[in-house]
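Here is what each chain is made of, one letter per residue.
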Amino acid sequence: MRVGAILDPMTAAHRLPRAEYPSDPPFHPAVSYPEYQWGSLGLTNLIYEGVRELLRLLELDQNHYGTKMWNPLGEIIQPGDRVVLKPNLLSHSHRYRPNEWEQVITHGSVVRAVLDYVLLALDGRGEVWIVDGPQLDADWGKTVQRTGIGAVCEFFEGISGVPVRLLDLRDAWMDVRGDVMYAKVSLKGDPEGAVIVDLGGRSRLAGHPGAGRYYGSEYDRAETNFHHAEGRHEYRFSRTVASADVFINLPKMKTHKKVGVTLCLKNLVGINTGRNWLPHHTCGDPTGGGDQFPEASAKTTLERWGIRQFQRLTLLNPTLFAPLFRAAKRVARPILGETEETVRSGNWYGNDTAWRMVHDINRCLLYSDGDRFPASIPKRYFAVVDGVVAGEGNGPAAPDRCEAGALVAGFNPVAVDCVATRLMGFDPVKLAMLREAFSPADLPMAAFQLRDITIRSDCAEWQGRIGDLTEGVTYHFGAHFGWRGRMEMGIT
(Lines give C-alpha, C1' and ligand atoms only; values in the text may rest on other atoms or scores of the structure.)
Protein backbone atom coordinates (compact mmCIF):
# COMPACT_ATOMS: atom_id res chain seq x y z
CA MET A 1 0.00 0.00 0.00
CA ARG A 2 1.44 3.36 -1.06
CA VAL A 3 1.11 5.96 1.68
CA GLY A 4 2.45 9.47 1.97
CA ALA A 5 2.11 11.51 -1.22
CA ILE A 6 5.05 13.68 -0.16
CA LEU A 7 7.51 10.83 -0.73
CA ASP A 8 6.93 9.83 -4.35
CA PRO A 9 8.54 11.76 -7.24
CA MET A 10 7.45 9.28 -9.92
CA THR A 11 5.12 10.47 -12.69
CA ALA A 12 3.76 9.13 -15.98
CA ALA A 13 3.01 11.02 -19.20
CA HIS A 14 1.05 9.77 -22.20
CA ARG A 15 0.56 11.44 -25.58
CA LEU A 16 -2.67 10.55 -27.38
CA PRO A 17 -2.61 10.02 -31.15
CA ARG A 18 -5.29 12.71 -31.40
CA ALA A 19 -6.59 15.40 -29.04
CA GLU A 20 -10.05 13.88 -29.04
CA TYR A 21 -12.65 13.20 -26.36
CA PRO A 22 -15.42 10.61 -26.79
CA SER A 23 -18.73 12.31 -27.46
CA ASP A 24 -21.23 9.93 -25.87
CA PRO A 25 -21.54 9.84 -22.07
CA PRO A 26 -21.10 7.83 -19.91
CA PHE A 27 -17.95 7.25 -21.99
CA HIS A 28 -17.65 3.45 -21.98
CA PRO A 29 -14.35 2.00 -23.19
CA ALA A 30 -14.27 0.68 -26.75
CA VAL A 31 -12.40 -2.46 -25.68
CA SER A 32 -13.41 -5.12 -23.17
CA TYR A 33 -10.17 -5.09 -21.21
CA PRO A 34 -9.53 -8.16 -19.02
CA GLU A 35 -10.15 -6.21 -15.79
CA TYR A 36 -13.21 -4.32 -17.10
CA GLN A 37 -16.27 -5.32 -15.09
CA TRP A 38 -19.24 -3.32 -16.42
CA GLY A 39 -19.94 -5.04 -19.74
CA SER A 40 -21.14 -1.98 -21.69
CA LEU A 41 -18.86 -0.81 -24.50
CA GLY A 42 -18.80 2.33 -26.60
CA LEU A 43 -17.09 3.73 -29.66
CA THR A 44 -13.49 4.91 -29.87
CA ASN A 45 -12.33 6.13 -26.47
CA LEU A 46 -8.75 7.34 -26.49
CA ILE A 47 -9.14 8.78 -23.00
CA TYR A 48 -9.97 5.47 -21.34
CA GLU A 49 -7.10 3.84 -23.21
CA GLY A 50 -4.79 6.69 -22.14
CA VAL A 51 -5.68 6.56 -18.45
CA ARG A 52 -5.18 2.81 -18.49
CA GLU A 53 -1.77 3.33 -20.10
CA LEU A 54 -0.78 5.79 -17.36
CA LEU A 55 -1.54 3.16 -14.72
CA ARG A 56 0.57 0.63 -16.61
CA LEU A 57 3.47 3.09 -16.99
CA LEU A 58 3.44 3.66 -13.22
CA GLU A 59 3.87 -0.14 -12.82
CA LEU A 60 0.88 -0.41 -10.55
CA ASP A 61 0.07 -4.03 -9.70
CA GLN A 62 2.34 -4.93 -12.59
CA ASN A 63 2.32 -8.67 -11.81
CA HIS A 64 -1.37 -8.83 -12.77
CA TYR A 65 -1.34 -6.50 -15.77
CA GLY A 66 -3.16 -8.02 -18.72
CA THR A 67 -5.31 -10.30 -16.55
CA LYS A 68 -8.73 -9.92 -14.96
CA MET A 69 -6.96 -9.68 -11.59
CA TRP A 70 -5.27 -6.38 -12.45
CA ASN A 71 -6.16 -3.82 -9.78
CA PRO A 72 -3.79 -0.86 -10.23
CA LEU A 73 -5.35 1.57 -7.77
CA GLY A 74 -5.44 -1.19 -5.17
CA GLU A 75 -2.00 0.13 -4.22
CA ILE A 76 -3.56 3.28 -2.75
CA ILE A 77 -7.23 2.33 -2.21
CA GLN A 78 -8.59 -0.31 0.17
CA PRO A 79 -12.15 -1.73 0.23
CA GLY A 80 -14.24 0.40 2.60
CA ASP A 81 -12.38 3.66 1.90
CA ARG A 82 -13.96 7.02 1.25
CA VAL A 83 -12.52 8.23 -2.06
CA VAL A 84 -12.95 11.81 -3.29
CA LEU A 85 -12.46 12.71 -6.95
CA LYS A 86 -11.87 16.42 -7.60
CA PRO A 87 -12.12 17.54 -11.24
CA ASN A 88 -11.69 21.18 -12.22
CA LEU A 89 -15.26 22.36 -12.88
CA LEU A 90 -14.47 26.07 -12.73
CA SER A 91 -17.36 27.22 -14.90
CA HIS A 92 -19.90 25.99 -17.43
CA SER A 93 -18.15 27.89 -20.24
CA HIS A 94 -15.33 30.11 -21.40
CA ARG A 95 -15.84 33.56 -19.87
CA TYR A 96 -16.31 35.36 -23.19
CA ARG A 97 -17.22 32.54 -25.60
CA PRO A 98 -20.24 30.70 -24.15
CA ASN A 99 -20.13 27.81 -26.62
CA GLU A 100 -16.59 26.85 -25.62
CA TRP A 101 -15.76 24.84 -22.50
CA GLU A 102 -13.45 21.91 -23.28
CA GLN A 103 -10.27 23.92 -22.57
CA VAL A 104 -11.72 25.30 -19.33
CA ILE A 105 -12.82 22.25 -17.29
CA THR A 106 -12.00 18.58 -16.84
CA HIS A 107 -13.78 16.34 -19.33
CA GLY A 108 -16.16 13.72 -17.97
CA SER A 109 -14.41 10.94 -19.90
CA VAL A 110 -11.30 11.43 -17.73
CA VAL A 111 -13.45 11.20 -14.59
CA ARG A 112 -15.14 8.04 -15.91
CA ALA A 113 -11.92 6.21 -16.72
CA VAL A 114 -10.40 6.93 -13.30
CA LEU A 115 -13.68 6.12 -11.55
CA ASP A 116 -13.76 2.62 -13.07
CA TYR A 117 -10.43 1.77 -11.44
CA VAL A 118 -11.48 3.37 -8.14
CA LEU A 119 -14.57 1.14 -8.04
CA LEU A 120 -12.47 -1.88 -8.96
CA ALA A 121 -10.21 -1.20 -5.97
CA LEU A 122 -13.13 -0.65 -3.57
CA ASP A 123 -14.54 -4.07 -4.49
CA GLY A 124 -18.11 -3.20 -3.50
CA ARG A 125 -17.29 -1.52 -0.16
CA GLY A 126 -16.82 2.16 0.58
CA GLU A 127 -18.04 5.37 -1.04
CA VAL A 128 -17.08 7.74 -3.83
CA TRP A 129 -17.66 11.49 -3.98
CA ILE A 130 -17.11 13.57 -7.11
CA VAL A 131 -16.86 17.14 -5.85
CA ASP A 132 -15.94 20.70 -6.68
CA GLY A 133 -16.73 24.22 -5.62
CA PRO A 134 -16.80 26.08 -8.92
CA GLN A 135 -16.55 29.79 -9.55
CA LEU A 136 -19.28 31.46 -7.53
CA ASP A 137 -21.28 32.53 -10.60
CA ALA A 138 -21.00 29.19 -12.44
CA ASP A 139 -24.04 27.17 -13.52
CA TRP A 140 -23.57 23.76 -11.86
CA GLY A 141 -26.36 22.04 -13.79
CA LYS A 142 -25.01 23.12 -17.15
CA THR A 143 -21.48 22.09 -16.16
CA VAL A 144 -22.59 18.62 -15.09
CA GLN A 145 -24.58 18.19 -18.30
CA ARG A 146 -21.87 19.49 -20.65
CA THR A 147 -19.05 17.41 -19.18
CA GLY A 148 -21.17 14.24 -19.06
CA ILE A 149 -20.30 13.72 -15.40
CA GLY A 150 -23.97 13.57 -14.48
CA ALA A 151 -24.51 10.72 -16.96
CA VAL A 152 -21.49 8.90 -15.54
CA CYS A 153 -22.98 8.99 -12.03
CA GLU A 154 -26.37 7.88 -13.33
CA PHE A 155 -24.80 4.90 -15.06
CA PHE A 156 -23.30 3.60 -11.82
CA GLU A 157 -26.40 4.21 -9.72
CA GLY A 158 -27.64 0.88 -8.46
CA ILE A 159 -25.05 -1.29 -10.20
CA SER A 160 -21.71 -0.46 -8.59
CA GLY A 161 -22.48 -1.59 -5.04
CA VAL A 162 -20.72 1.58 -3.94
CA PRO A 163 -22.54 4.94 -3.81
CA VAL A 164 -21.15 7.44 -6.33
CA ARG A 165 -22.28 10.92 -5.30
CA LEU A 166 -21.89 14.22 -7.13
CA LEU A 167 -21.57 17.30 -4.91
CA ASP A 168 -21.41 21.06 -5.44
CA LEU A 169 -19.42 22.27 -2.43
CA ARG A 170 -20.44 25.92 -2.71
CA ASP A 171 -22.60 27.36 0.05
CA ALA A 172 -23.51 30.36 -2.13
CA TRP A 173 -24.14 31.31 -5.75
CA MET A 174 -23.55 34.82 -7.04
CA ASP A 175 -25.44 36.74 -9.69
CA VAL A 176 -22.56 38.45 -11.51
CA ARG A 177 -23.12 40.80 -14.45
CA GLY A 178 -20.36 42.69 -16.15
CA ASP A 179 -17.91 41.53 -13.44
CA VAL A 180 -20.10 43.15 -10.76
CA MET A 181 -21.86 41.20 -7.99
CA TYR A 182 -25.61 41.92 -7.96
CA ALA A 183 -26.82 39.30 -5.48
CA LYS A 184 -25.76 36.30 -3.41
CA VAL A 185 -27.99 33.25 -2.99
CA SER A 186 -27.45 30.53 -0.36
CA LEU A 187 -26.79 26.94 -1.48
CA LYS A 188 -26.81 23.71 0.52
CA GLY A 189 -23.08 23.08 0.23
CA ASP A 190 -21.41 20.11 1.88
CA PRO A 191 -24.00 18.12 3.89
CA GLU A 192 -21.24 17.15 6.32
CA GLY A 193 -20.27 20.75 6.97
CA ALA A 194 -16.82 22.24 7.13
CA VAL A 195 -13.44 21.82 8.80
CA ILE A 196 -11.50 24.87 9.97
CA VAL A 197 -7.71 24.65 10.05
CA ASP A 198 -5.51 27.36 11.51
CA LEU A 199 -1.98 26.98 10.14
CA GLY A 200 -0.67 29.77 12.36
CA GLY A 201 3.10 30.01 12.06
CA ARG A 202 3.16 27.12 9.62
CA SER A 203 1.39 29.26 7.01
CA ARG A 204 3.33 30.54 4.01
CA LEU A 205 1.62 33.86 4.77
CA ALA A 206 3.23 34.07 8.22
CA GLY A 207 5.39 37.19 8.21
CA HIS A 208 4.12 38.28 4.79
CA PRO A 209 3.75 42.10 4.55
CA GLY A 210 0.22 41.86 3.11
CA ALA A 211 -1.49 41.46 6.49
CA GLY A 212 -4.53 43.73 6.68
CA ARG A 213 -4.54 44.38 2.91
CA TYR A 214 -5.53 41.02 1.47
CA TYR A 215 -8.25 40.71 -1.13
CA GLY A 216 -10.17 37.44 -1.39
CA SER A 217 -12.94 36.39 -3.76
CA GLU A 218 -15.63 38.93 -2.77
CA TYR A 219 -15.97 42.60 -1.90
CA ASP A 220 -15.86 41.99 1.86
CA ARG A 221 -12.15 42.48 2.56
CA ALA A 222 -12.71 42.57 6.32
CA GLU A 223 -13.68 38.88 6.26
CA THR A 224 -10.52 37.88 4.39
CA ASN A 225 -8.24 39.85 6.66
CA PHE A 226 -9.91 38.70 9.88
CA HIS A 227 -8.82 35.14 9.13
CA HIS A 228 -5.23 36.21 8.42
CA ALA A 229 -4.29 38.42 11.35
CA GLU A 230 -2.48 38.29 14.68
CA GLY A 231 -0.71 35.04 13.88
CA ARG A 232 -3.94 33.42 12.69
CA HIS A 233 -4.11 31.89 9.19
CA GLU A 234 -7.41 30.06 8.93
CA TYR A 235 -8.98 28.07 6.11
CA ARG A 236 -12.44 26.51 5.95
CA PHE A 237 -12.88 23.56 3.66
CA SER A 238 -15.20 20.66 2.96
CA ARG A 239 -15.47 18.01 5.68
CA THR A 240 -16.36 15.42 3.03
CA VAL A 241 -13.00 16.11 1.39
CA ALA A 242 -11.02 16.46 4.60
CA SER A 243 -12.25 13.09 5.88
CA ALA A 244 -11.44 11.24 2.65
CA ASP A 245 -9.09 8.30 2.96
CA VAL A 246 -7.93 8.87 -0.61
CA PHE A 247 -7.97 12.09 -2.63
CA ILE A 248 -7.80 11.90 -6.43
CA ASN A 249 -7.08 15.17 -8.17
CA LEU A 250 -8.28 15.53 -11.78
CA PRO A 251 -7.25 19.03 -12.88
CA LYS A 252 -7.29 20.65 -16.30
CA MET A 253 -3.96 21.70 -17.84
CA LYS A 254 -4.20 25.51 -18.10
CA THR A 255 -2.30 28.73 -17.66
CA HIS A 256 -3.28 30.95 -14.74
CA LYS A 257 -3.20 34.71 -14.32
CA LYS A 258 -2.15 34.75 -10.64
CA VAL A 259 0.20 31.78 -10.24
CA GLY A 260 1.31 30.95 -13.80
CA VAL A 261 -0.36 27.57 -14.22
CA THR A 262 -3.33 25.80 -12.72
CA LEU A 263 -2.86 22.05 -12.30
CA CYS A 264 -3.00 19.94 -9.11
CA LEU A 265 -1.97 22.53 -6.54
CA LYS A 266 -4.23 25.38 -7.68
CA ASN A 267 -7.16 22.99 -8.25
CA LEU A 268 -7.59 22.77 -4.46
CA VAL A 269 -9.20 26.20 -4.31
CA GLY A 270 -12.42 24.35 -5.15
CA ILE A 271 -12.45 22.32 -1.91
CA ASN A 272 -12.65 25.50 0.18
CA THR A 273 -16.08 26.41 1.51
CA GLY A 274 -14.71 29.65 2.92
CA ARG A 275 -13.81 31.10 -0.46
CA ASN A 276 -13.44 34.63 0.79
CA TRP A 277 -10.97 33.40 3.40
CA LEU A 278 -8.46 32.84 0.58
CA PRO A 279 -6.09 35.78 -0.08
CA HIS A 280 -5.72 36.25 -3.84
CA HIS A 281 -3.59 39.39 -3.86
CA THR A 282 -2.35 42.19 -1.62
CA CYS A 283 -3.81 45.61 -2.35
CA GLY A 284 -1.41 48.21 -3.68
CA ASP A 285 1.81 48.03 -5.68
CA PRO A 286 5.35 46.84 -4.87
CA THR A 287 6.43 50.26 -3.56
CA GLY A 288 4.18 49.63 -0.55
CA GLY A 289 4.45 45.85 -0.36
CA GLY A 290 1.41 45.21 -2.56
CA ASP A 291 1.00 43.11 -5.70
CA GLN A 292 -2.38 44.25 -7.02
CA PHE A 293 -0.62 46.36 -9.70
CA PRO A 294 2.95 46.07 -11.00
CA GLU A 295 3.71 49.76 -10.48
CA ALA A 296 2.38 52.96 -8.94
CA SER A 297 0.74 55.53 -11.19
CA ALA A 298 -2.05 58.08 -11.14
CA LYS A 299 -4.26 55.59 -13.00
CA THR A 300 -3.73 52.76 -10.55
CA THR A 301 -4.26 55.08 -7.58
CA LEU A 302 -7.55 56.26 -9.10
CA GLU A 303 -8.60 52.71 -9.89
CA ARG A 304 -7.81 51.43 -6.39
CA TRP A 305 -9.77 54.24 -4.76
CA GLY A 306 -12.75 54.02 -7.12
CA ILE A 307 -13.10 50.24 -6.96
CA ARG A 308 -12.86 50.24 -3.17
CA GLN A 309 -15.61 52.84 -2.84
CA PHE A 310 -17.97 51.04 -5.21
CA GLN A 311 -17.32 47.68 -3.54
CA ARG A 312 -18.20 49.13 -0.14
CA LEU A 313 -21.36 50.75 -1.45
CA THR A 314 -22.42 47.61 -3.32
CA LEU A 315 -22.04 45.56 -0.15
CA LEU A 316 -24.34 47.99 1.65
CA ASN A 317 -27.00 48.17 -1.08
CA PRO A 318 -26.44 45.97 -4.15
CA THR A 319 -29.83 46.82 -5.68
CA LEU A 320 -28.91 50.48 -5.88
CA PHE A 321 -25.16 50.46 -6.38
CA ALA A 322 -24.41 47.32 -8.44
CA PRO A 323 -25.85 48.89 -11.65
CA LEU A 324 -23.93 52.10 -10.94
CA PHE A 325 -20.72 50.12 -10.34
CA ARG A 326 -21.21 48.32 -13.65
CA ALA A 327 -21.84 51.59 -15.49
CA ALA A 328 -18.75 53.16 -13.90
CA LYS A 329 -16.64 50.24 -15.11
CA ARG A 330 -17.89 50.72 -18.66
CA VAL A 331 -17.03 54.44 -18.56
CA ALA A 332 -13.60 53.85 -17.00
CA ARG A 333 -12.56 51.00 -19.30
CA PRO A 334 -11.22 53.19 -22.16
CA ILE A 335 -9.22 55.22 -19.63
CA LEU A 336 -7.93 52.50 -17.28
CA GLY A 337 -7.62 49.72 -19.85
CA GLU A 338 -9.38 46.47 -20.71
CA THR A 339 -8.86 43.62 -18.22
CA GLU A 340 -7.83 41.36 -21.10
CA GLU A 341 -4.91 43.70 -21.80
CA THR A 342 -4.14 45.50 -18.53
CA VAL A 343 -2.45 43.98 -15.48
CA ARG A 344 -4.57 44.43 -12.37
CA SER A 345 -5.95 42.39 -9.44
CA GLY A 346 -2.66 40.55 -8.93
CA ASN A 347 -2.80 39.01 -12.40
CA TRP A 348 0.94 39.00 -13.09
CA TYR A 349 4.24 37.34 -12.30
CA GLY A 350 4.82 39.62 -9.31
CA ASN A 351 1.89 38.23 -7.32
CA ASP A 352 3.54 37.16 -4.06
CA THR A 353 0.29 36.33 -2.27
CA ALA A 354 -1.67 33.72 -4.22
CA TRP A 355 1.04 31.06 -4.37
CA ARG A 356 1.36 31.21 -0.58
CA MET A 357 -2.37 30.64 -0.19
CA VAL A 358 -2.13 27.69 -2.61
CA HIS A 359 0.60 26.09 -0.52
CA ASP A 360 -1.47 26.55 2.62
CA ILE A 361 -4.61 24.87 1.30
CA ASN A 362 -2.58 21.93 -0.02
CA ARG A 363 -1.07 21.38 3.42
CA CYS A 364 -4.52 21.61 4.95
CA LEU A 365 -5.68 18.78 2.71
CA LEU A 366 -2.61 16.55 2.82
CA TYR A 367 -2.33 16.63 6.61
CA SER A 368 -5.99 16.52 7.65
CA ASP A 369 -8.20 13.49 8.28
CA GLY A 370 -11.33 15.50 9.07
CA ASP A 371 -10.82 15.29 12.82
CA ARG A 372 -7.15 16.00 13.44
CA PHE A 373 -4.62 18.45 12.08
CA PRO A 374 -1.95 17.58 11.48
CA ALA A 375 -2.78 13.91 10.99
CA SER A 376 -0.09 11.35 11.74
CA ILE A 377 0.53 10.56 8.05
CA PRO A 378 -0.26 12.48 4.84
CA LYS A 379 -3.41 11.58 2.94
CA ARG A 380 -3.22 8.94 0.21
CA TYR A 381 -3.18 10.84 -3.05
CA PHE A 382 -3.27 10.32 -6.82
CA ALA A 383 -3.64 12.73 -9.75
CA VAL A 384 -4.42 12.63 -13.45
CA VAL A 385 -4.09 15.89 -15.40
CA ASP A 386 -6.43 16.39 -18.36
CA GLY A 387 -4.24 18.04 -20.99
CA VAL A 388 -6.06 16.56 -23.97
CA VAL A 389 -7.66 19.87 -24.90
CA ALA A 390 -5.77 22.28 -22.68
CA GLY A 391 -5.95 26.03 -22.07
CA GLU A 392 -3.33 28.66 -22.90
CA GLY A 393 -3.19 32.43 -22.70
CA ASN A 394 -5.82 34.15 -20.56
CA GLY A 395 -6.40 31.34 -18.07
CA PRO A 396 -8.04 30.07 -16.01
CA ALA A 397 -11.49 31.31 -17.07
CA ALA A 398 -10.84 32.56 -20.61
CA PRO A 399 -8.02 30.49 -22.11
CA ASP A 400 -7.57 29.69 -25.77
CA ARG A 401 -7.90 26.12 -26.93
CA CYS A 402 -4.64 24.13 -27.15
CA GLU A 403 -4.99 20.58 -28.51
CA ALA A 404 -2.06 19.06 -26.64
CA GLY A 405 -3.36 15.48 -26.42
CA ALA A 406 -1.51 14.91 -23.14
CA LEU A 407 -2.31 13.06 -19.91
CA VAL A 408 -0.03 13.23 -16.86
CA ALA A 409 -0.34 11.23 -13.64
CA GLY A 410 1.44 10.64 -10.35
CA PHE A 411 1.23 10.38 -6.58
CA ASN A 412 2.56 13.79 -5.57
CA PRO A 413 0.95 17.10 -6.62
CA VAL A 414 4.24 18.98 -6.83
CA ALA A 415 5.89 16.33 -9.01
CA VAL A 416 2.88 16.11 -11.33
CA ASP A 417 2.62 19.90 -11.61
CA CYS A 418 6.32 20.29 -12.39
CA VAL A 419 6.17 17.70 -15.17
CA ALA A 420 2.97 19.15 -16.66
CA THR A 421 4.42 22.68 -16.45
CA ARG A 422 7.57 21.56 -18.22
CA LEU A 423 5.55 19.81 -20.91
CA MET A 424 3.62 23.05 -21.45
CA GLY A 425 6.94 24.71 -22.27
CA PHE A 426 7.36 26.57 -18.98
CA ASP A 427 10.13 26.45 -16.40
CA PRO A 428 8.90 25.31 -12.94
CA VAL A 429 11.77 27.18 -11.27
CA LYS A 430 10.34 30.49 -12.55
CA LEU A 431 7.01 29.91 -10.76
CA ALA A 432 7.13 30.59 -7.01
CA MET A 433 4.24 28.16 -6.46
CA LEU A 434 6.46 25.32 -7.72
CA ARG A 435 9.94 26.56 -6.85
CA GLU A 436 9.08 27.19 -3.21
CA ALA A 437 7.29 23.83 -2.86
CA PHE A 438 10.72 22.26 -2.36
CA SER A 439 11.68 24.64 0.46
CA PRO A 440 12.04 23.14 3.96
CA ALA A 441 8.78 23.17 5.88
CA ASP A 442 7.27 21.68 9.01
CA LEU A 443 4.58 20.08 6.82
CA PRO A 444 6.37 19.37 3.53
CA MET A 445 4.56 18.88 0.24
CA ALA A 446 7.54 17.30 -1.49
CA ALA A 447 10.19 15.32 0.39
CA PHE A 448 12.48 15.37 -2.64
CA GLN A 449 14.00 17.89 -5.05
CA LEU A 450 13.02 18.94 -8.56
CA ARG A 451 15.92 16.99 -10.05
CA ASP A 452 14.60 13.76 -8.47
CA ILE A 453 11.34 13.78 -10.44
CA THR A 454 11.16 10.96 -12.98
CA ILE A 455 8.82 10.45 -15.94
CA ARG A 456 7.70 7.14 -17.36
CA SER A 457 6.25 7.57 -20.79
CA ASP A 458 5.39 5.73 -23.99
CA CYS A 459 6.69 8.84 -25.76
CA ALA A 460 10.47 8.28 -25.95
CA GLU A 461 11.29 12.02 -25.81
CA TRP A 462 9.49 12.37 -22.49
CA GLN A 463 11.03 9.36 -20.75
CA GLY A 464 13.58 9.94 -17.98
CA ARG A 465 14.38 12.75 -15.55
CA ILE A 466 12.45 16.00 -15.63
CA GLY A 467 15.65 17.82 -16.57
CA ASP A 468 15.74 15.85 -19.83
CA LEU A 469 12.59 17.63 -21.07
CA THR A 470 14.14 20.25 -23.33
CA GLU A 471 12.36 22.88 -25.41
CA GLY A 472 12.57 20.70 -28.48
CA VAL A 473 10.35 17.96 -27.05
CA THR A 474 7.73 20.04 -25.23
CA TYR A 475 4.70 22.05 -26.26
CA HIS A 476 4.93 25.83 -26.45
CA PHE A 477 1.88 27.14 -24.62
CA GLY A 478 1.26 30.87 -24.65
CA ALA A 479 1.46 32.36 -21.15
CA HIS A 480 -1.07 34.76 -19.67
CA PHE A 481 -0.07 38.27 -20.79
CA GLY A 482 0.87 39.22 -17.22
CA TRP A 483 3.41 36.38 -17.24
CA ARG A 484 4.62 36.54 -20.84
CA GLY A 485 8.41 36.43 -21.08
CA ARG A 486 8.74 35.51 -17.40
CA MET A 487 8.00 31.78 -17.20
CA GLU A 488 8.96 30.20 -20.52
CA MET A 489 11.82 27.74 -20.81
CA GLY A 490 14.96 29.16 -22.38
CA ILE A 491 14.20 32.79 -21.45
CA THR A 492 16.56 34.34 -18.92
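To start, this report covers the structure provided alongside it.

Parameters at a glance
Residues numbered from 1 in each chain as written. Predicted model: local features only at pLDDT ≥ 70, side-chain atom pairs only at ≥ 80, totals over all residues. Heavy atoms only, no water. Pairing = 2+ DSSP bridges. Helix = DSSP H or I, 4+ residues; strand = E, 2+ residues; numbered from the N terminus. Contact = heavy atoms within 4.5 Å. Axes fitted to C-alpha atoms, helices over the stretch in contact; angles between N-to-C directions. Core = buried A, V, L, I, M, F, W, Y, C linked by side-chain atoms within 4.5 Å. Buried < 20%, exposed > 50% of the residue type's maximum accessible area, 1.4 Å probe, protein only. Salt bridge = Lys/Arg side-chain N within 4 Å of Asp/Glu carboxyl O.

Re the sheet that holds strand 9 (residues 228-229)
So, point 1. Pairing is antiparallel across the open sheet formed by three strands, whose spatial order is 7-10-9. Strand pairing shows two members of the sheet lacking a second neighbour, strand 7 (194-198) and strand 9, which therefore form its edges.
So, point 2. Where strand 9 meets strand 10 (residues 232-238), two bridges bridge the pair, whose relative direction is antiparallel. Counted as the bridge partner of H228 is H233 from strand 10.
So, point 3. Taken strand by strand, helix 9 (residues 354-366) contacts strand 7 and strand 10, and its axis lies near 60° from that of strand 10.

Overview of the nonpolar core
So, point 1. Core analysis: the biggest nonpolar cluster contains 77 residues, and M253, V408, I453, W462 and F477 have the highest contact counts within it.
So, point 2. A total of eight residues in this core trace back to one element, the largest contributor, which is helix 9.
So, point 3. Beyond its immediate chain neighbours, meaning those up to four positions away, F477 contacts M253, A390, G391, E392, C402, A404, M424 and F426.

Things to note about the environment of I159
So, point 1. Here I159 is to be found in the loop between helix 4 (149-156) and strand 4 (164-168).
So, point 2. Under the relative-accessibility criterion, I159 is labelled partly exposed at 43%.
So, point 3. Distance in space between the C-alpha atoms of I159 and G124 is 9.8 Å, their sequence separation being 35 residues.

So, the pattern of salt bridges
So, point 1. Enumeration according to the criterion identifies 27 salt bridges in this entry.
So, point 2. Residues R18 and E20 are paired through a salt bridge, measuring 3.2 Å at the closest nitrogen-oxygen approach.
So, point 3. Under the relative-accessibility criterion, R18 is labelled partly exposed at 41%.
So, point 4. Residue class for E20 comes out partly exposed when judged on its relative accessible area of 31%.
So, point 5. Across the pair E403 and R401 runs a salt bridge, and its minimum N-O distance is 3.0 Å.
So, point 6. One connected set of salt bridges, linked through shared partners, spans R82, E127, R165 and E192.

Don't take any of this as a statement about function, it's just geometry.
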